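Single-letter residue listing:
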Amino acid sequence: MYNLKDMTLEEMENFFINMGESKFRARQIYKWIYDKKVTDFEKMTDISKNLRAKLKEIAYISQLKIAERRVSQIDDTIKYLFLLEDNNIIEGVAIRYRFGNTACVSTQVGCNMKCKFCASAVGGKVRDLKASEMVNQVMAIDSDYGKISNIVLMGSGEPFDNYDEVMKFIKILNNPYGLGIGSRHITISTVGIVPKIYKFADEKLQVNLSISLHAPNNELRSELMPINRAYPLEELMKACEYYIEKTRRRITFEYSLIDGVNDKKEHAYQLVELLKGMLCHVNLIPINYVKEIGFKKAKNEKVMMFKRIIEDAGITCTVRRELGSDIEAACGQLRRKYLKER
Ligand code: SAH
């Protein structure tokens, strides 16, 4: 069976052409799926009865079930657990910002990147998500939470370890007959898989790129993020320069501050050295405590010291507000809790 939600508009046009139909059917079906949110072929009244019957035989339109929903009492963040067709569980988060509602989506079930501070790393990767499963997270959140205008690929999983499906997902988001969410409203976050950064730069999309840096030297970064052993900072920075040159877009570097680990003055100065002169922004994140790991949030004065040193060097810097701290909204936390309780 073909899942129509796994098809870009172009792929669906070819699908209909191969059936001996007009390629215009793809636009009609796209409208039913993404605009009218219809999943039953019977309701698609501008499609002939004959074609509807044929479609029912060979294709379907998937949806995601919400398995659990946790509403923050502090800040209107909602964390969702979704049940996949094969009974795997993934999570997504809805966040209310002044500029609009943001959906944070997962790209894999679990993750293989083994970052020391991340809850998603604990059980390893189970499998990649299909484009349809990413699209369905957005659609489920949209219908439950309200209109979604921004997407961040910062849930569980490494987007560049599932590159092709993620690109397909972005095409479906972008398409005006699809969800109609422009590239500038989408952010991909990566641990820094260097060959994929080059590939992504060559796509010349206007999608925002975030790099999870978290350490300013190879020794510390390799300890916190094993991917750094394969792609050390020199190579990562070269790839980032290439991305900026190709796209003329600013990169955001994510730096989660861990008490006593990567929050020293010398780390801030090393970070400045690393990023000096680059078209970039730094986002400081007081690390979310994950029970299994034991890392603690950096002290507030350390966060402020980091911010000052970075800004004094002429690099823009923000501190991420903590949202959903009462509902375990950090990376992989809720899924882990659910798996243990199940
Ligand atoms: N694999 C991608 C995207 C998913 S993680 C990536 O690593 O970028 C989204 C962000 O949350 C990353 O910057 C990640 O490093 C960060 N993160 C993971 N665990 C965290 C924790 N316990 N506290 C704060 N940030 C965390």
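In this text the structure is predicted, and so the values were computed from the model without any measurement.

Scanning the protein chain from N- to C-terminus turns up 12 helices and 14 strands. Against the globule reference of 20 Å for 342 residues, the protein chain gives a C-alpha radius of gyration of 21 Å, in line with a compact fold. Principal axes of the C-alpha set define a box for the protein chain whose edges measure 70 × 45 × 35 Å. Out of the 342 residues belonging to the protein chain, those deemed buried represent 56%. Sequence-distant contacts, at least 24 apart, represent 67% of the contacts inside the protein chain between residues at least 6 apart. Accessible surface, the protein chain as shown: approximately 15600 Å² in total, 48% of it carbon and sulfur. Charged side chains in the protein chain number 54 positive and 45 negative. The centres of these two groups are separated by 2 Å.

Counting buried residues along strand E6 (residues 100-104), 5 of its 5 residues qualify, which places the element largely inside the surrounding structure. By the bridge criterion, 5 bridges tie strand E5 (residues 89-97) to E6 in an arrangement that is antiparallel. Its bridge partner lying in E6, Arg-96 is registered against Asn-101. Adjacent in sequence and paired antiparallel, E5 and E6 are bridged by 2 residues. Here E6 runs beside strand E9 (residues 148-153); their pairing, made up of 4 bridges, is parallel. From the neighbouring strand, Ala-103 faces E9, where its bridge partner is Ile-151.

Considering all chains together, one arrives at 10 aromatic pairs under this definition. These aromatic residues form a ring-pair network of at least three members: Phe-160, Tyr-163, Phe-200 and Tyr-243. Over the ring of Trp-32 we find Lys-36, and its NZ or CZ is 4.2 Å from the ring centre. The ring centre of Tyr-145 lies 3.9 Å from the NZ or CZ of Arg-96, which sits over that ring.

All right, on to the packing of helix H5 (residues 163-174) against helix H6 (residues 194-203) then. Viewed as axis vectors pointing N to C, H5 and H6 meet at an angle of 25 degrees, and their least axial separation amounts to 12 Å. In this view, H5 runs roughly parallel relative to H6, as classed from their interaxial angle. You can see that H5 and H6 cross each other, and the crossing is right-handed. Together, Tyr-163, Asp-164 and Met-167 of H5 and Lys-196, Lys-199, Phe-200 and Glu-203 of H6 make up the contact between the two elements. Of the residues belonging to the contact of H5 with H6, the class tally is 3 nonpolar, no polar and 4 charged.

Here we come to the domain arrangement of the protein chain. Under the domain assignment used here, the protein chain contains domain 1 (2-60) and domain 2 (65-341). Opposite the 14 residues of domain 1 that make contact, domain 2 presents 15 residues. Of the roughly 1300 Å² buried at the junction of domain 1 and domain 2 (both faces included), carbon and sulfur atoms supply 60%. Among the residues of domain 1 in contact with domain 2, Lys-5, Asp-6 and Tyr-34 are the three that bury the most area, contributing 43% of the side total. Joining domain 1 to domain 2, the criterion identifies 1 salt bridge.

Next up on the list: the pattern of salt bridges. Across all of its chains, the model carries 18 salt bridges by this definition. A salt bridge links Asp-259 to Lys-299, with the nearest nitrogen and oxygen atoms 3.4 Å apart. Of the two residues, Asp-259 sits in the loop between strand E12 (251-257) and helix H10 (265-275) while Lys-299 sits in the loop between strand E13 (280-286) and helix H11 (300-312), which places them 40 residues apart along the sequence. The partly exposed category is assigned to Asp-259, whose relative accessible area is 29%. Lys-302 is the salt-bridge partner of Asp-263, the closest N and O atoms lying 3.9 Å from each other. Linking Asp-263 in the loop between E12 and H10 with Lys-302 in helix H11, this pair joins segments that are 39 residues apart in sequence.

The rules behind each value
Residues numbered from 1 in each chain as written. Predicted model: local features only at pLDDT ≥ 70, side-chain atom pairs only at ≥ 80, totals over all residues. Heavy atoms only, no water. Helix = DSSP H or I, 4+ residues; strand = E, 2+ residues; numbered from the N terminus. Rg over C-alpha atoms; globule rule 2.2 N^0.38 Å. Buried < 20%, exposed > 50% of the residue type's maximum accessible area, 1.4 Å probe, protein only. Contact = heavy atoms within 4.5 Å. Areas by Shrake-Rupley, 256 points an atom, 1.4 Å probe, with all protein chains shown as cover. Lys, Arg positive; Asp, Glu negative; His and termini not counted. Charge placed at Lys NZ, Arg CZ, Asp CG, Glu CD. Pairing = 2+ DSSP bridges. Phe/Tyr/Trp six-rings, centres within 6.5 Å; stacked < 30°, edge-to-face > 60°. Lys NZ or Arg CZ within 6 Å of the ring centre and 35° of its normal. Axes fitted to C-alpha atoms, helices over the stretch in contact; angles between N-to-C directions. Parallel < 35°, antiparallel > 145°, perpendicular 65-115°, else oblique. Left-handed = near helix turned anticlockwise from the far one by under 90°. Nonpolar A, V, L, I, M, F, W, Y, C, P; charged D, E, K, R; others polar. Domains from an automatic or database assignment. Buried area = accessible area lost by both parts, 1.4 Å probe. Salt bridge = Lys/Arg side-chain N within 4 Å of Asp/Glu carboxyl O.

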